[in-house]
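In case you want the letters, here they are:
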Amino acid sequence: MELSHAIGLVQSYGTGRRTYRVTMMEPLPAGVPGGAAVRLHGVSRHWGSVAALDGVSLEVKAGTFCVLLGPSGCGKTTCLRIVAGLEQASGGVIEIGGRDVTALPPAARGVAMVFQSYALFPHLNVAENIVFGLKARSVPKADRARRLDRAVEILGIGHLLARRPGQLSGGQQQRVALGRAIVAEAPVCLMDEPLSNLDAQLRADMRREILALQRRLGITMLYVTHDQTEAMGMADQVVLLRDGHIEQDAPPAEVYAAPATTFAASFIGTPPMNLLKLSESGVIDGSVGPVLGPARAGLVAGIRPEALRLAATGIAARVTHGEYLGADTVVACTVADGQTLLARLPGRVGLADNAAVKFEFDRADLHLFDAGTGRRVSTV
Ligand code: ATP
């Protein structure tokens with residue numbers, strides 16, 4: 001993200017009309033409008049022969065925390081920039097709050113944006129950084145002060161106001177960037193990998209803060225990440241993107257419990273779901289026949305590592321490696337035809353490398369996918 005874009009967007013802040021004041025743990029006053037719905041209808045973005053987005057249709061209800069999730073290059077940032085108005089769609093319609101904003105500039109869309117780089121001005125102090133966009137838009141001084149007070153109160157950064165970004169930790173810089181989004185008082189907030197510069201502990205803390213902030217302000221959030229843990233922990237709605245199209249659009253619990261495709265199955269969960277090709281007779285290594293029954297060739301069996309248990313009968317496997325993680329142990333194995341199987345077993349499980357083991361699982365934990373299309377067939 002170039003700074004000029006960031007400035008353009010900062011200047012677009014403040015299009016909301018909310019003038020209430022909230023303090024740290026106060027619920028929103030009754031009657032205060034929450035966020036605005038965001039809708040994409042068949043939105044595409046082509047770069048030459050590359051389709052960064054290919055006919056994406058999406059509805060994010062007002063006040064929802066929506067995470068755009070997917071691997072590098074799947075089109076997450078492009079999608080966010082198109083909603084912001086920083087990028088023009090090659091086709092399709094974007095609506096915010098029921099208004100067609102496809103042809104509107106960023107300043108007229110009522111969105112705030114937080115970038116991975118924070119885009120803070122090094123020569124301005126924290127207070128000046130937070131209200132920069134408001135000042136540029138000639139928002140009256142008293143209104144600027146009111147909005148700054150509110151953001152400072154919400155984020156607990158009153159002691160940092162006179163400091164410059166170079167004198168702040170990564171987490172503090174992140175809060176300043178959030179402060180800029182808060183003073184915008186926009187009904188929609190767009191965040192592009194805002195936590196990727198932070199260490200693991202701080203990321204976890206900021207995840208909770210951002211979620212609490214979104215809930216308290218009642219805004220609609222579109223949040224981009226490639227980190228499925230963030231998506232699972234924060235989202236009301238996960239939009240999983242792959243190669244410019246939506247692979248699955250559902251609440252996180254549904255993506256976990258009923259992944260629509262093998263791609264979704266392998267993207268969500270730690271470690272990801274085991275995907276085992278079934279043999280001609282519809283069994284894995286001769287072991288799962290009784291569970292699956294015959295005529296299952298052409299299918300892929302999905303079994304989550306945490307659904308497997310050590311047992312006297314079941315899938316026969318040989319241990320290749322065990323990794324003790326504290327609460328549980330991830331055991332990597334191979335089955336007879338060479339496919340890899342991961343099991344996540346509770347507690348500390350001491351299994352020697354090369355040990356012969358068997359795993360069982362409940363029928364309800366078995367997912368089936370078409371080996372050709374990758375799409376979910378059913379759970380047997
Ligand atoms: P990352 O997580 O790595 O940021 P992403 O999912 O956000 O990836 P995008 O940045 O939206 O992906 O890019 C989607 C596709 O569009 C990629 O193949 C990328 O190379 C291509 N792309 C993005 N911007 C441009 C551009 N300005 N010119 C040409 N191709 C582009």
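Details of the structure are given in the entry above.
Here is a short report on the structure shown in this document. (Residues numbered from 1 in each chain as written. Predicted model: local features only at pLDDT ≥ 70, side-chain atom pairs only at ≥ 80, totals over all residues. Heavy atoms only, no water.)

1. Focus on empty space enclosed by the protein
Leftover empty space is mapped by rolling, across the atoms, a probe with the size of a water molecule.
Here is step 1: By the definition in use, this model includes 1 cavity of 30 Å³ or more.
Here is step 2: Within this model, the largest cavity holds a volume of roughly 120 Å³.
Here is step 3: If you go around the largest cavity, you meet 16 residues; those closest to its centre are A181, I182, C189, L217 and I219.
Here is step 4: Counting residues per element, the ones that place at least two in the lining of the largest cavity are α5 (170-184), β7 (188-192) and α6 (200-217).
Here is step 5: For the lining of the largest cavity, the residue count by class is 12 nonpolar, 1 polar and 3 charged. (1 Å grid on protein atoms, 1.4 Å probe; cavity = no way out; pocket = protein on both sides within 12 Å on 5 of 7 lines; lining within 4 Å. Points joined across faces, edges and corners; volume = space filled by probe spheres on them. Helix = DSSP H or I, 4+ residues; strand = E, 2+ residues; numbered from the N terminus. Nonpolar A, V, L, I, M, F, W, Y, C, P; charged D, E, K, R; others polar.)

2. Thoughts on the pattern of salt bridges
Here is step 1: For the structure on display, the rule yields 16 salt bridges.
Here is step 2: A salt bridge links R150 to E185; the shortest N-O distance between them is 3.3 Å. Within this pair, whereas R150 is found in helix α4 (residues 141-155), its partner E185 is found in the loop between α5 and β7, the two being separated by 35 residues in sequence. Each of the two residues, R150 as well as E185, counts as buried.
Here is step 3: Its salt-bridge partner being E360, residue R309 comes within 3.3 Å of it at the nearest N-O pair. Within this pair, whereas R309 is found in strand β13 (residues 309-324), its partner E360 is found in strand β16 (residues 356-360), the two being separated by 51 residues in sequence.
Here is step 4: Here the residues in one salt-bridge network are D143, R146, R147, R150 and E185, joined through shared partners. (Salt bridge = Lys/Arg side-chain N within 4 Å of Asp/Glu carboxyl O. Buried < 20%, exposed > 50% of the residue type's maximum accessible area, 1.4 Å probe, protein only.)

3. Brief notes about the packing of aromatic side chains
Here is step 1: Counting across every chain of the model gives 3 aromatic pairs.
Here is step 2: Ring centres of F65 and Y223 lie 5.6 Å apart, and the angle between their planes is 45°; on these two criteria the pair is classed as tilted. With F65 in strand β3 (residues 65-69) and Y223 in strand β8 (residues 220-225), this pair connects stretches of sequence that are 158 residues apart.
Here is step 3: Relative accessible area serves as the criterion here: at 0%, Y223 is assigned to the buried category. (Phe/Tyr/Trp six-rings, centres within 6.5 Å; stacked < 30°, edge-to-face > 60°.)

4. Considering the sheet that holds strand β11 (residues 274-277)
Here is step 1: Pairing is antiparallel in the open sheet, where 4 strands are placed in the order β11-β12-β17-β18. A strand with exactly one partner marks an edge of an open sheet, and here the two such strands are β11 and β18 (376-378). Going from strand to strand, the sheet's axes swing by 35° on average, the running direction of each strand aside.
Here is step 2: Taken together, the 4 bridges between β11 and strand β12 (residues 299-303) define a ladder with antiparallel strand orientation. Within β12, the residue paired with N274 across the bridge is I303. (Pairing = 2+ DSSP bridges. Axes fitted to C-alpha atoms, helices over the stretch in contact; angles between N-to-C directions.)

5. Overview of the packing of α5 against α6
Two measures define how a pair of helices packs: the angle their axes make with one another and the distance between the axes.
Here is step 1: Packing of α5 against α6 brings their axes to within 11 Å, and their N-to-C directions diverge by 15°. Viewed along their axes, α5 and α6 adopt a mutual orientation that is roughly parallel. Judged by the twist between their axes, the crossing of α5 over α6 is right-handed. Residue-level inspection shows G171, Q174, R175, L178 and I182 of α5 in contact with α6, the latter providing L202, M206, E209, I210, L213 and L217.
Here is step 2: Class assignment for the residues of the contact of α5 with α6 results in 7 nonpolar, 2 polar and 2 charged. (Parallel < 35°, antiparallel > 145°, perpendicular 65-115°, else oblique. Left-handed = near helix turned anticlockwise from the far one by under 90°. Contact = heavy atoms within 4.5 Å.)

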